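# Close look at the chain arrangement
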Amino acid sequence: MKKKIVILAGDGIGPEIMAAALAVLEAAAPETFEFIEKPFGGAGIEAAGVGLPEDTLAACQEADAILLGAIGGPAGSPWEQASQTPEQGLLALRKELNLFANIRPIAVPDALLPLSPVKEAIVQGTDFVVVRELTSGIYFGEPRELGVSEAYDTCRYTVKEITRIAKIAFDIAMTRKKHVTSVDKANVLATSKLWRQTVETVAQDYPEVTLTHQLVDSCAMRIVQQPTEFDVILTENLFGDILSDEASVLPGTLGVLPSASHSDSGVSLYEPIHGSAPDIAGQNIANPASMILSAVLMLRQSFNLPDLADQIESAVYHVMNEGIVTGDLGGKATTSEFTQAVIAALGK
Ligand code: NAD
Ligand code: IPM
Ligand code: MN
């Protein structure tokens, strides 16, 4: 039976990088996957008036895995007036599927070392994972209100929510260098005080793992100053969003960073950490590596196909080593040229 993958190409560069990933999957493993394309984000609004159409959600619930490109329009887009914006559609999808664990691996392949804006000596050996809580915190807390002269959001976390994401981080650490850095703002925020206490409790079940607590402001500094010090960064929704984009400075672009989002037992979703990049959309110049590497995570984590995953990942790094890179990394390759080079490098 073919694996059923729901394809949410989305907006902006989403469809361009998705086409690249699907071409690579089809070339590496013909006839293995069934791709079911559904409108989502701005494309969902165009098709059905909302960011997450009912039919799209139903297809996702039935899928073996979900690949998502990116959603969102440029500032001032009419989609911002929709009853459910593209971004609200994305949050609704994460919530509906209970995708509370967002895994964002940050690695700098050798080929990218000289291209990093950070000194090579600092970046070399960078290999950490951001474990971002994805379905709670200030993104979802109630009440929230946008008034004329006042607005507010609510940041809320429960012990149950913190415990389950902390366990994921410690489990990942057990397969790596056994070091968790839990990032919070416990010198100010009540939610962070609860976060720190709860992570301490979870840590007691993992005596082999070293736990460090770090305040988010100094963590932001250390990510670019001493990135090799990190193994697993465990953090809440908003901090994880910001820190992972910051970490993209290490490889030199958002265009190479994938992510995986998991629930306790249901379907998982794989997407780049970046957005729809309206500034470069429609020009065939986006870096598709983030999307191809998201598909690689899917092969490993949803389908237990490590050899196929390794083959595609090696092809991506081989192409970068050859100096074939897109404009975000200072190269001249188009999206399709990079993709064709990856396909040609499969099995090399
Ligand atoms: P962005 O991540 O889309 O772009 C930031 C910068 O990185 C831009 O200069 C862009 O050109 C560049 N970039 C991103 N991905 C790239 C790639 N693959 N190749 C080359 N360059 C790349 O962030 P933004 O501009 O702040 O947001 C644009 C839209 O994306 C907004 O509507 C936002 O809400 C949405 N967004 C969606 C997601 C998602 O779908 N998961 C994530 C973040 C932002
Ligand atoms: C991401 C994005 C989303 C987030 C937005 C588009 C809702 O920035 O996936 O990182 O903030 O989670
Ligand atoms: Mn983000």
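Residues numbered from 1 in each chain as written. Chains lettered and ligands numbered in written order. Predicted model: local features only at pLDDT ≥ 70, side-chain atom pairs only at ≥ 80, totals over all residues. Heavy atoms only, no water.

Looking at an unreviewed UniProt entry, the chain carries the name 3-isopropylmalate dehydrogenase, with the source organism given as Enterococcus asini ATCC 700915. Check the Function (unreviewed entry) section of the UniProt entry for the chain; it says "Catalyzes the oxidation of 3-carboxy-2-hydroxy-4-methylpentanoate (3-isopropylmalate) to 3-carboxy-4-methyl-2-oxopentanoate. The product decarboxylates to 4-methyl-2 oxopentanoate." One UniProt comment on the chain, placed under Catalytic activity (unreviewed entry), says "(2R,3S)-3-isopropylmalate + NAD(+) = 4-methyl-2-oxopentanoate + CO2 + NADH". (UniProt positions renumbered as here; feature names shortened; annotations may be inferred.)

This part is about the pairing of strand β11 (residues 258-262). Of all 5 residues in β11, 5 are buried; the element is thus mostly enclosed. Burial of the side chains of β11 extends over both faces: Pro-258, Ala-260 and His-262 are buried on one face and Ser-259 and Ser-261 on the other. Inspection of the sheet shows strand β4 (residues 101-107) paired to β11 by 3 bridges, in the antiparallel sense. Within the sheet, the bridge partner assigned to Ile-103 lies in β11 and is Ala-260. In this antiparallel pair of consecutive strands, β11 and strand β12 (residues 269-272), the connection spans 6 residues. (Buried < 20%, exposed > 50% of the residue type's maximum accessible area, 1.4 Å probe, protein only. Helix = DSSP H or I, 4+ residues; strand = E, 2+ residues; numbered from the N terminus. Pairing = 2+ DSSP bridges.)

Before going further, it helps to examine the packing of aromatic side chains. Counted under the stated rule, the structure contains 5 aromatic pairs. Clustering of aromatic rings is evident, with ring pairs tying together Phe-33, Phe-35 and Phe-303. For Arg-164, the ring lying beneath its charged end belongs to Phe-100, and the centroid distance is 4.1 Å. (Phe/Tyr/Trp six-rings, centres within 6.5 Å; stacked < 30°, edge-to-face > 60°. Lys NZ or Arg CZ within 6 Å of the ring centre and 35° of its normal.)

This part covers the site of ligand 1. Looking at ligand 1, there are 21 residues lining it, with Glu-87, Gly-275, Ala-277, Asp-279 and Asn-287 nearest. One of the side-chain N or O atoms of His-274 is found 3.2 Å from a nitrogen atom in ligand 1. Tallied by class, the residues present in the shell around ligand 1 amount to 10 nonpolar, 7 polar and 4 charged. (Near = heavy atom within 4 Å. Polar contact = N/O pair within 3.5 Å; in protein donor to acceptor, adjacent residues only side chain to side chain. Nonpolar A, V, L, I, M, F, W, Y, C, P; charged D, E, K, R; others polar.)

In the UniProt entry, the feature "site: Important for catalysis" (unreviewed entry) is given for Tyr-139 and Lys-185. With respect to the secondary-structure elements, Tyr-139 resides in the loop between β5 (127-133) and β6 (145-146). Excluding its chain neighbours within four sequence positions, the residues that come into contact with Tyr-139 are Leu-91, Arg-132, Arg-144, Asn-237, Leu-238 and Asp-241. There is a polar contact of 3.3 Å between the side chain of Tyr-139 and the side chain of Arg-132. Mapped onto the secondary structure, Lys-185 falls in the loop between β8 (179-184) and α7 (190-203). Leaving out residues up to four positions away in the same chain, Lys-185 has contacts with Ser-192, Leu-215, Val-216, Asp-217 and Phe-239. (Contact = heavy atoms within 4.5 Å.)

Those places that UniProt annotates as "binding site: Mg(2+)" (unreviewed entry) correspond, in this numbering, to Asp-217, Asp-241 and Asp-245. Look at the named residues: they lie 29 residues apart in sequence, but the longest C-alpha span between them is just 14.5 Å, so in the fold they bunch up. Position of Asp-217 among the secondary structure elements: in helix α8 (residues 216-225). For Asp-217, a relative accessible area of 44% gives the class partly exposed. Of the polar contacts made by the side chain of Asp-217, one reaches the side chain of Lys-185; its length is 3.1 Å. The residues contacting Asp-241, other than those within four sequence positions of it, are Arg-104, Arg-132 and Tyr-139. Polar contacts involving the side chain of Asp-241 include one to the side chain of Tyr-139, which spans 3.1 Å.

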